[in-house]
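What follows is each chain in one-letter form.
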Amino acid sequence: MAFRDFAPVSNEGVTIAELCQTHGLACLQGEQQTVIKQVSLDSQQVLPQGLFIALPGAKTHGIKYLAGALKLGATAVLTDPAGAEQAFEAGELPKDFVVLTHPQPRQIAGEVAAQIFSSPSQAVAVYGVTGTNGKTTTTYLLRAALGAKNNPQAQDQPLVETKQCGVIGTVAVEIGGAKIPSVRTSVEAPLLQQLLAYAKEKSVPQLAIEVSSHALELGRVNATKFKVVGFLNLQRDHLDFHGTMEDYFQAKAKLFTPKYATQGVVCIDDEWGQKLAKTSEIDVVTVAVEKVADWTAKNLQASEDHRGTHFELHGPQGQVVSALAPLPGNYNVENTAMAIVMAIAGGVEPQLAADAIAHSAQVPGRMQVAQGRTDTTPLVVVDYAHTTDALTGAIAALRDRTEGNMLVVFGATGERDRGKRADMGQTVCAHAEVALVTEDDPYDEDPAQIRKEVLAGCPNEPVSFKVAKELLATPDHTRESAVVLEIDGREKAIITALKLATPQDTVLLAGRGHETIQMVAGVPVHLDDNQVVVDYYASGEESHEC
Ligand SMILES: CC(=O)N[C@H]1[C@@H](OP(=O)(O)OP(=O)(O)OC[C@H]2O[C@@H](n3ccc(=O)[nH]c3=O)[C@H](O)[C@@H]2O)O[C@H](CO)[C@@H](O)[C@@H]1O[C@H](C)C(=O)N[C@@H](C)C(=O)N[C@H](CCC(=O)O)C(=O)O
Ligand SMILES: Nc1ncnc2c1ncn2[C@@H]1O[C@H](COP(=O)(O)OP(=O)(O)OP(=O)(O)O)[C@@H](O)[C@H]1O
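The rules we used
- Residues numbered from 1 in each chain as written.
- Chains lettered and ligands numbered in written order.
- Predicted model: local features only at pLDDT ≥ 70, side-chain atom pairs only at ≥ 80, totals over all residues.
- Heavy atoms only, no water.
- UniProt positions renumbered as here; feature names shortened; annotations may be inferred.
- Helix = DSSP H or I, 4+ residues; strand = E, 2+ residues; numbered from the N terminus.
- 1 Å grid on protein atoms, 1.4 Å probe; cavity = no way out; pocket = protein on both sides within 12 Å on 5 of 7 lines; lining within 4 Å.
- Points joined across faces, edges and corners; volume = space filled by probe spheres on them.
- Nonpolar A, V, L, I, M, F, W, Y, C, P; charged D, E, K, R; others polar.
- Domains from an automatic or database assignment.
- Salt bridge = Lys/Arg side-chain N within 4 Å of Asp/Glu carboxyl O.
- Buried < 20%, exposed > 50% of the residue type's maximum accessible area, 1.4 Å probe, protein only.
- Expected span 1.5 Å × (residues − 1).
- Contact = heavy atoms within 4.5 Å.
- Lys, Arg positive; Asp, Glu negative; His and termini not counted.
- Polar contact = N/O pair within 3.5 Å; in protein donor to acceptor, adjacent residues only side chain to side chain.

Caption draft 1: Region of interest: the UniProt feature "domain: Mur ligase N-terminal catalytic" (unreviewed entry) in the protein chain. UniProt annotation of "domain: Mur ligase N-terminal catalytic" (unreviewed entry) refers to residues 36–83 when read in the numbering used here. Measuring from the first to the last C-alpha atom of residues 36–83 gives 20 Å, for a span that is 19% helix and 31% strand.

Here's what the structure looks like:
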């Protein structure tokens, strides 16, 4: 599937005259009565009767791809004056092709698309989740809560109707049973409007979407009216784009303004959430796990199967909701509480929302249990943690359900942030008992060199499988840093960890989460961490050699 397949087919569209009048566009060529029914700012996703919005970008100018858009049936282009000049200079524009200009086409792209698709966010209830960490997890939990229905067979196990709520985020776009892997967290504005219109056409009444700070800064959610917006947390990230934490916060805070929403839910466990709750321009209710809020999570207790955390959510009118965060870690209590309270704000009965989440499917690659703990197997968890903070958090989240050792399989991504590689090695060695240093996505970098840079942060020298096995067989409480193994090949590293682990241990496969394509020397290689584990236990351990 491509994003072109997620286009509505029944919308009436608008005329060029209507677009020009509403947005102050200059029409340099073409018929005013031409009807536009589709829109894209990617030349490769243009559809017949479509408007191609050709933007000037950091790398290139969209107008360079006009010929491709024409081949796919574009009826019109909207660009800046410089883009239009280039289009006319290149020649060969069909006579009836419409050329529109605006001094800042990115600023109006969302509004233009919303007009073409008849303001679809007024017909679909859109829930937006922002924050540095937890957006993906929370949108999936929220989807379960928003799709909750009473189950006549078992009142405490509600039916979860995933087709009642789509998701748009880092993992996938999933609407009404159709699914496509994502390229980024937040899609561009015209595509968002197209997806909302598609949801409307397919009678999908709700959408849970991740809203990145880039999206807010670059206008990707312009012209979207959210039913409820949620803020999770703010941690150091993306400062290359935002400059300072204050600017990063201000980008996120934009979502909590009447331009986008009227109801907000804010987690006040960190100082930024507290600041937002005080300064928000819209009404907000607060949630917290570590502080006291309108809705406060209390009495946290790890579930017996070690997969999640039971807690009570105490509400402003004395309500007590009995809840289960279906993923380990206190931060997943935060995500679960956020999802429940956003669903409540959207009109779902509190206990029903909590029950739906308790029975929801796993979130792809987010603290995903690939193998539960049994008498013969360790707990094996796949998580997207790929920063030092996230690694620390993920290891801590699993520690309280681990009697034995923590084994972590991880590597650093190639061609990105070389500075963090040694820190990752140091973090894992400080918090886990066994560090298996291997590949993440090396891209075009030499995997051995990346491993070397990660190993530079590990206090102990790498040892062989045999030596590691011997060392772990004799518990040494004076060992201050992890036993280290260096393993060429991630699949081999995962299997090595599974062979080393005892049933009391926990194995964390960190870094790649839901991803199934690993880029090695520029070549895509299929590798699904979760599947490697499933296949390993399905085929019997003995058949595998280290
Ligand atoms: C800063 C940023 O977000 N830039 C995005 C922006 O780039 P740009 O405007 O500079 O565009 P460009 O690449 O120069 O291309 C110019 C124009 O030509 C068009 N084009 C280009 C090629 C082609 O074949 N056809 C075509 O029409 C493009 O659609 C674009 O409109 O528009 C491009 C097209 O949509 C995006 O690919 C690009 O995302 C870059 C790759 C990116 O990595 N963005 C990240 C930082 C991002 O957005 N991340 C956030 C947060 C994630 C998180 O929270 O962790 C996210 O929401 O994913
Ligand atoms: N509320 C939270 N606070 C801190 N860390 C979290 C929280 N929720 C999840 N994490 C950790 O952060 C990482 C990313 O989680 P998730 O994908 O849900 O967040 P995200 O905001 O969507 O991030 P990304 O856009 O990178 O996917 C995971 O490693 C997870 O263990």
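After that view, the rundown keeps rolling.
Caption draft 2: How the structure looks around the layout of surface pockets. The calculated volume of the second largest pocket comes to roughly 920 Å³. Of all elements in the fold, only β4 (38–40), β5 (50–54) and α6 (189–201) reach the threshold of two or more residues within the lining of the second largest pocket. A per-element tally of the lining of the second largest pocket places α6 first, with three residues. Classifying every residue of the lining of the second largest pocket by side-chain character gives 13 nonpolar, 11 polar and six charged. Both domains that furnish three or more residues to the lining of the second largest pocket are identified here as domain 1 (3–116) and domain 2 (121–359).

Caption draft 3: Fine view of the pattern of salt bridges. Throughout the structure, instances matching the rule amount to 17 salt bridges. Of the charged contacts, one joins R401 and D400 as a salt bridge, the two residues approaching to 3.0 Å between their closest N and O atoms. Overall, D400 belongs to the exposed group, its relative accessible area being 54%. Between K466 and E470 there is a salt bridge; the shortest N-O distance is 3.7 Å. Within this pair, K466 and its partner E470 are both found in helix α16 (residues 465–473), separated by four residues, close to a single helical turn. Judged by its relative accessible area of 44%, E470 falls in the partly exposed class.

Caption draft 4: Structural view of helix α14 (residues 420–431). With 12 residues, α14 should cover 16 Å at 1.5 Å per step; its first-to-last C-alpha distance of 16 Å lies within 8% of that length. Among the residues of α14, R421, M424, G425, T427, V428 and C429 are the ones counted as buried. The inward-facing, buried residues of α14 abut α13 (388–399), β23 (406–410), β24 (434–437), α15 (447–455) and β25 (483–486).

Caption draft 5: Structural view of the side chain of E334. With respect to the element layout, E334 can be found in helix α11 (residues 330–345). There is no salt bridge for the buried E334, and the closest opposite charge comes from K291, which lies 9.2 Å off by N-O distance. Side-chain polar atoms of E334 contact the side chain of N233, separated by 3.4 Å. With sequence-adjacent residues up to four places away left out, E334 is seen in contact with L232, N233, C267, D269 and V289.

Caption draft 6: Broad picture of empty space enclosed by the protein. Inspection of every chain in the model, using the stated rule, returns two cavities of 30 Å³ or more. Considered as a void within the structure, the largest cavity measures approximately 50 Å³ in volume. Every residue lining the largest cavity is listed: I168, T185, S186, V187, L192, I209, E210, V211, A215, R220 and V221. Split into classes, the residues belonging to the lining of the largest cavity amount to seven nonpolar, two polar and two charged. Looking at the second largest cavity, its volume works out to about 40 Å³.

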